[in-house]
Amino acid sequence: MYLISFQIFRPRPVVLSGPSGTGKSTLLKKLLKDYKGVFGFSVSHTTRDPRPGEVDGKDYHFRNREAMQEDIDTGEFIETDEFSGNLYGTSKCAVQDVRAKGLICILDVDIAGVRHIKESDLDPIYVSIQPPSIEVLEERLRGRATETEEKIQSRLEAARIDMEECNEPGLFDIVIVNDDLDESYEKLQSVLKEEIMKVQQGIKS
Ligand SMILES: Nc1nc2c(ncn2[C@@H]2O[C@H](COP(=O)(O)OP(=O)(O)O)[C@@H](O)[C@H]2O)c(=O)[nH]1
Ligand SMILES: Nc1ncnc2c1ncn2[C@@H]1O[C@H](COP(=O)(O)OP(=O)(O)O)[C@@H](O)[C@H]1O
């Protein structure tokens, strides 16, 4: 009986994608804070260096390239991609850890990651977060003050491609232009309402 109801309430994961600096982490951190016990973050692996304040195992699993490549070779990843000179990837464990708790698993991946996940059996809701313009994105990236000039330029280059590809029919369930943060958060909550309710009702019953 317990097993049957667990399967009925199993929520769909959520993929958040969009250019670097567009506000994905800001929005997902708000969801994690406002909906405790509802969402869980899929902690990706990366070869990039941690930024001040980032915690290994919480923001990312920070690895050197050799260690990460070994894990890729042994089939531990659902998807991986090279972005701005570093490897990023979603491990099978990262997703399973969240889903085993009955939580909505949030993945933050680039657009190549979206395409790889489409080939898996994950069946998530695909959300693209876009900036109002490339100029605003540049301001946000500079304002965040986490990247070197070279990294800002490579992120802006990737952003131009992302801003074009996000409108490809069928790629995303919704594209949210993150101009006003509160409005974007409202839209995001409303897309996820059904899954949020499934988990909240599951908690009550
Ligand atoms: N494919 C893939 N992309 C990822 C993964 N984790 C993060 N990314 C993407 O890598 C890019 C760079 O991430 P990061 O270095 O944290 O910079 P930020 O997005 O500007 O904060 C972003 O577009 C992320 O969405 C992952 O596991 N797989
Ligand atoms: N709607 C918004 N308006 C203005 N600034 C924003 C908005 N959303 C996010 N930001 C700021 O933009 C910067 C990049 O946001 P972040 O969440 O780190 O982006 P991402 O995770 O997509 O790389 C941060 O300094 C954040 O505070």
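For the structure, see preceding data.
Here the structure is a predicted model, which is why all the values come from computation and not from measurement. Per chain, residues are indexed from 1 in the order of the written sequence. Throughout, the order in which chains and ligands are written sets their labels, letters from A for the former and numbers from 1 for the latter. Residue-level local features of this predicted model are given only where pLDDT is at least 70; pairs of side-chain atoms are given and counted only at 80 or more, and the full residue set underlies all totals for whole chains, interfaces and linings. Note that water and hydrogens are dropped before the side-chain values are worked out from all heavy atoms of the structure.

This part is about the sheet that holds strand S4 (residues 61-62). With respect to topology, four strands assemble into an open sheet ordered S4-S3-S6-S5, the strand pairing being mixed. Looking at strand neighbours, the two that pair on one side only are S4 and strand S5 (77-83), the edges of this open sheet. Where S5 meets strand S6 (residues 86-91), six bridges bridge the pair, whose relative direction is antiparallel. Its bridge partner being in S6, Phe83 is matched across the sheet by Asn86. Note on definitions: a residue-residue contact is assigned when non-hydrogen atoms from the two residues lie within 4.5 Å. Fitted lines through C-alpha atoms serve as axes, helices being fitted only where they are in contact, and the angles separating the N-to-C directions of these axes extend from 0 to 180 degrees. Secondary structure follows DSSP: runs of H or I at least 4 residues long count as helices, runs of E at least 2 residues long count as strands, and numbering of each begins at the N terminus. Here helix H3 (residues 65-73) sits on the sheet in contact with strand S3 (45-46), S5 and S6, set at roughly 40 degrees to S6. Whether two strands pair depends on DSSP finding at least two bridges between them.

Okay, the environment of Glu186 next. Inspection of the secondary structure assignment puts Glu186 in helix H8 (residues 181-204). For the pair Glu186 and Gly40, spaced 146 residues apart in sequence, the C-alpha separation works out to 19 Å.

This part is about the layout of surface pockets. Two kinds of site are reported from a 1 Å grid over the protein atoms alone, namely cavities, where a 1.4 Å probe fits but cannot get out, and pockets, open sets with protein on both sides within 12 Å along at least five of seven lines, and residues are called lining when an atom falls within 4 Å of a point. Grid points are joined across faces, edges and corners, and a volume is the space filled by probe spheres set on the points. In this model, the largest pocket occupies a volume close to 1100 Å³. Lining the largest pocket are 43 residues; nearest its centre among them are Lys24, Ser25, Arg51, Tyr60 and Asp108. For the lining of the largest pocket, the secondary structure elements donating two or more residues are helix H2 (24-34), S5, S6, helix H5 (111-118), helix H6 (134-144) and helix H7 (149-165). Of the residues that constitute the lining of the largest pocket, the class distribution is 14 nonpolar, 13 polar and 16 charged. The classification used treats Ala, Val, Leu, Ile, Met, Phe, Trp, Tyr, Cys and Pro as nonpolar, Asp, Glu, Lys and Arg as charged, and all other residues, Gly among them, as polar.

Here we take up the nonpolar core. Grouping buried Ala, Val, Leu, Ile, Met, Phe, Trp, Tyr and Cys residues that are joined through side-chain atoms within 4.5 Å yields what is termed a nonpolar core. Three exposure classes are used, based on accessible area relative to the maximum for each residue type with a 1.4 Å probe and protein chains only: buried under 20%, partly exposed in between, and exposed over 50%. By size, the foremost hydrophobic cluster in this structure holds 19 residues, and its most contacted members are Leu16, Leu31, Phe39, Val127, Leu188 and Leu192. The set of elements that each furnish at least two residues to this core consists of strand S1 (14-17), H2, strand S7 (104-108), strand S8 (125-130) and H8. Here the element with the most residues in this core is H8; it accounts for five residues. For Leu31, the contacting residues outside a window of four places in its chain are Phe39, Ile106, Tyr185, Leu188, Gln189 and Leu192.

What follows concerns H7. Note that an α-helix has 3.6 residues per turn; residues three or four places apart therefore point the same way. Here the expected span of a helix is defined as 1.5 Å times the quantity of residues minus one. Given a rise of 1.5 Å per residue, 17 residues ought to cover 24 Å, and the 25 Å separating the end C-alpha atoms of H7 matches this to within 8%. Looking only at H7, the buried set comprises Ile152, Arg155, Leu156, Ala159 and Asp162. Down the axis of H7, the buried set is contained in an arc of 125 degrees. They therefore lie on one face. For H7, exposure combined with an orientation more than 90 degrees from the buried face picks out Glu150 and Glu164. Our arc is simply the arc of the directions from the helix axis toward the C-beta atoms.

So yeah, pure geometry; function would need other evidence.
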